[in-house]
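Remarks on the overall topology
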Protein chains: 2
Amino acid sequence: MKLELQIKMNPSLFLRDPEQSELGKNIIKHSIQLIHDNGFEAFTFKKLAESIGSTEAGVYRYFENKHKLLVYIISWYWGWIQFQLNYQTNNISDPVIKLKKVITLLSKNVEDDITTGHVDEAQLHQILISEGSKAYLTNHVGKDNNQQFFQPYKDLCNAVGEIILECNPKYKYPHSLSSTIIEIAHLQNFFMNHLPSLTDFSKSKDESEIIKYLEELVFNTIRD
Amino acid sequence: MKLELQIKMNPSLFLRDPEQSELGKNIIKHSIQLIHDNGFEAFTFKKLAESIGSTEAGVYRYFENKHKLLVYIISWYWGWIQFQLNYQTNNISDPVIKLKKVITLLSKNVEDDITTGHVDEAQLHQILISEGSKAYLTNHVGKDNNQQFFQPYKDLCNAVGEIILECNPKYKYPHSLSSTIIEIAHLQNFFMNHLPSLTDFSKSKDESEIIKYLEELVFNTIRD
DNA sequence: TTATTTAAGATAGTAATACTATTATTTAAA
DNA sequence: TTTAAATAATAGTATTACTATCTTAAATAA
């Protein structure tokens, strides 16, 4: 029996569930490819349809607009990361080791997970680095938030916050530190590769440097 | 005699210098207003021209496209912040006090500076929080960087990095910590106001909480 | 003063984007 | 076997992101 990882998605994000059909799965697969290759601004439903060999109207039956599609694949990514986090920290009792695993999970370039047929997690990780913040940096962030579009991100942030509190129950900013870790892991990666003078990793261009930087930052601030 | 603060801008950002004419100054003024009110995605040159009482073609004589206009006003902001930083830290010898001033300057909501007639710094600060990262999160970040579009940001990052090194000459990540301070000051502000569960400041919604959080983060990581 | 350059206003036009609508065809479920 | 649902094919619209041209007004130089 083949085990397939299914991530439960917020139905308000789509008009028709893309997991339930070949066309749907192709929409996800090719969206990730195209956004990864050309960026979200250059991404259109027309190009997507051409890439699939379907039509623009076909895509619109699944997603209202490209922003919801972006939020969909980003939500999927956070759900997948949450699963990886639970899996990797399962049976570990030391919260410091757990938190180190989290930092590594968020900072390291991801390998494609073969249990998810139509999703390339490595590309998705790159999309999160370059386009992730565009999911919420909009004028309609409030409405989107009311519809729970960012729940997977919030859940992850809470889970990491819990681990931080396990390390130091008195630490006052577990949520802020949690969102800081997530965002800075991505941002330093982007800067390292595109605006290297904003980092100290320009020579090596190695994510393990980001991990060291973040570990120092995090463990020095949560120690009493 | 009236002193007016002039910030030197990269001429590659514009076709005609907006500082040199009334129309130009109106373009800057109304761009800030419109981007602040409706977000960068909803901002078009047509709406801008209507708001000024000029024409689309008129705006295009100053800026090639709306992205360059965004980069222009963001560069202007970083130039202004650099000036504020130099002014406020002038004659202070203690680098710890300097660094605290920097954190406050970057985190606190800004008041309009009357010495700059056509620019509303308070609105500009809000634009930086919501739209700042869109200046570089593009597919053409490399080309833009080659044209020095992000120099004011880099200069600021270097200046803050210098102060960090004054606090602790052995600290290994002055640039990364510097870009982290700048970005997290904005990000936590955005989260506090729009996605409060990603922070620990949801009750007070007070920037001074962000300052405390950042100070703890920064000074714990740079102490040897 | 007149001639000349320059900026700005007015208007038109185009390709691409972000959709909506309609109809025909294929596929799957009752 | 009938019916419903999904998809493909095609067309069309409003808006966006520009480019081009022509005229007028204002500044400046001869």
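In this report, we go over the structure that sits alongside the text. (Residues numbered from 1 in each chain as written. Chains lettered and ligands numbered in written order. Predicted model: local features only at pLDDT ≥ 70, side-chain atom pairs only at ≥ 80, totals over all residues. Heavy atoms only, no water.)

1. Things to note about the nonpolar core
One finds A:Trp78 and B:Trp78 to be the most contacted residues of the largest nonpolar core, which totals 152 residues. Setting aside residues no more than four positions away along its own chain, B:Trp78 makes contact with B:Leu106, B:Leu128, B:Pro152, B:Tyr153, B:Leu156, B:Ile182 and B:His186. (Core = buried A, V, L, I, M, F, W, Y, C linked by side-chain atoms within 4.5 Å. Buried < 20%, exposed > 50% of the residue type's maximum accessible area, 1.4 Å probe, protein only. Contact = heavy atoms within 4.5 Å.)

2. Some details on the environment of A:Lys170
Relative to the elements of secondary structure, A:Lys170 occurs in the loop between α8 (151–167) and α9 (174–194). Sequence separation of A:Lys170 and A:Arg223 is 53 residues, and the distance between their C-alpha atoms is 9.5 Å. (Helix = DSSP H or I, 4+ residues; strand = E, 2+ residues; numbered from the N terminus.)

3. Section: the pattern of salt bridges
Applying the stated criterion across every chain yields a total of ten salt bridges over all chains. A salt bridge links B:Glu64 to B:Lys68; the shortest N-O distance between them is 2.8 Å. Of the residues examined, B:Glu64 reaches a relative accessible area of 44% and is grouped as partly exposed. Connected through salt bridges with shared partners, the residues A:Glu41, A:Glu131 and A:Lys134 form a single ionic network. (Salt bridge = Lys/Arg side-chain N within 4 Å of Asp/Glu carboxyl O.)

4. Overview of the side chain of B:Asn220
Note that B:Asn220 resides in helix α10 (residues 207–222). In terms of polar contacts, B:Asn220 uses its side chain to reach the backbone carbonyl oxygen of B:Glu216, at 3.0 Å. A polar contact of 3.5 Å, which involves the side chain of B:Asn220, links it to the side chain of B:Arg223. Those residues in contact with B:Asn220 that sit more than four places away from it in its chain are A:Asn220, A:Thr221, A:Arg223 and B:Glu215. (Polar contact = N/O pair within 3.5 Å; in protein donor to acceptor, adjacent residues only side chain to side chain.)

5. A short note on the relation of the copies chain B and chain A
Under the fitted operation, chain B is carried onto chain A by 0.0 Å of movement along the axis and a turn of 180°, and the coordinates agree to an RMSD of 0.0 Å. The superposition of one copy onto the other is thereby described by a two-fold rotation axis. Residue B:Asn220, judged by its C-alpha, is the member of chain B lying nearest the rotation axis, at 2.7 Å. The overlap is high: 100% of the interface residues of chain B also sit at the interface in chain A, so the same surface is used on both sides. (Least-squares fit on C-alpha atoms with pLDDT ≥ 70 in both.)

6. Focus: the protein's contact with DNA strand C
Around DNA strand C, 15 residues are found, and the nearest of them are A:Glu56, A:Tyr60, B:Arg16, B:Ser54 and B:Tyr62. In DNA strand C, atoms within 4 Å of the protein come from the sugar-phosphate backbone in 52% of cases. Within the side chain of B:Arg16, one N or O atom sits 3.1 Å away from a phosphate oxygen of DNA strand C. Note that a phosphate oxygen of DNA strand C is positioned 2.9 Å from one of the side-chain N or O atoms of B:Ser54. (Near = heavy atom within 4 Å.)

7. Digging into the interface of chain B and chain A
Taken together, the contact between chain B and chain A spans 47 residues of the former and 48 residues of the latter. Each partner contributes to the roughly 4,200 Å² buried at the junction of chain B and chain A, and carbon and sulfur atoms together form 57% of this total. At the boundary of chain B with chain A, the tally comes to two salt bridges. Salt-bridge contacts for A:Glu216 lead to B:Lys172; the nearest nitrogen and oxygen are separated by 3.6 Å. At the junction of chain B with chain A, the criterion picks out 21 residue pairs in polar contact (both at pLDDT 80 or more). Mapped by element, the contributors of at least two residues to the side of chain B that touches chain A are α1 (22–38), α6 (121–131), α7 (141–146), α8 (151–167), α9 (174–194) and α10 of chain B. By residue class, the composition of the side of chain B that touches chain A is 20 nonpolar, 16 polar and eleven charged. (Buried area = accessible area lost by both parts, 1.4 Å probe. Nonpolar A, V, L, I, M, F, W, Y, C, P; charged D, E, K, R; others polar.)

8. Digging into the side chain of B:Thr221
Of note, B:Thr221 is situated in helix α10. Leave out the neighbours within four places in its chain, and B:Thr221 touches A:Glu216, A:Leu217, A:Asn220, B:Tyr171 and B:Leu177.

9. Some thoughts on unusual backbone geometry
One can expect most non-glycine residues to show negative phi and most peptide bonds to be in trans. Although it is not a glycine, A:Lys205 sits at a positive phi angle of roughly 45°. Tracing the backbone through its elements, the reader meets A:Lys205 in the loop between α9 and α10 (207–222). For A:Lys205, a relative accessible area of 39% translates into the label partly exposed. Positive phi values are uncommon outside glycine, yet B:Gln148 reaches one of about 65°.

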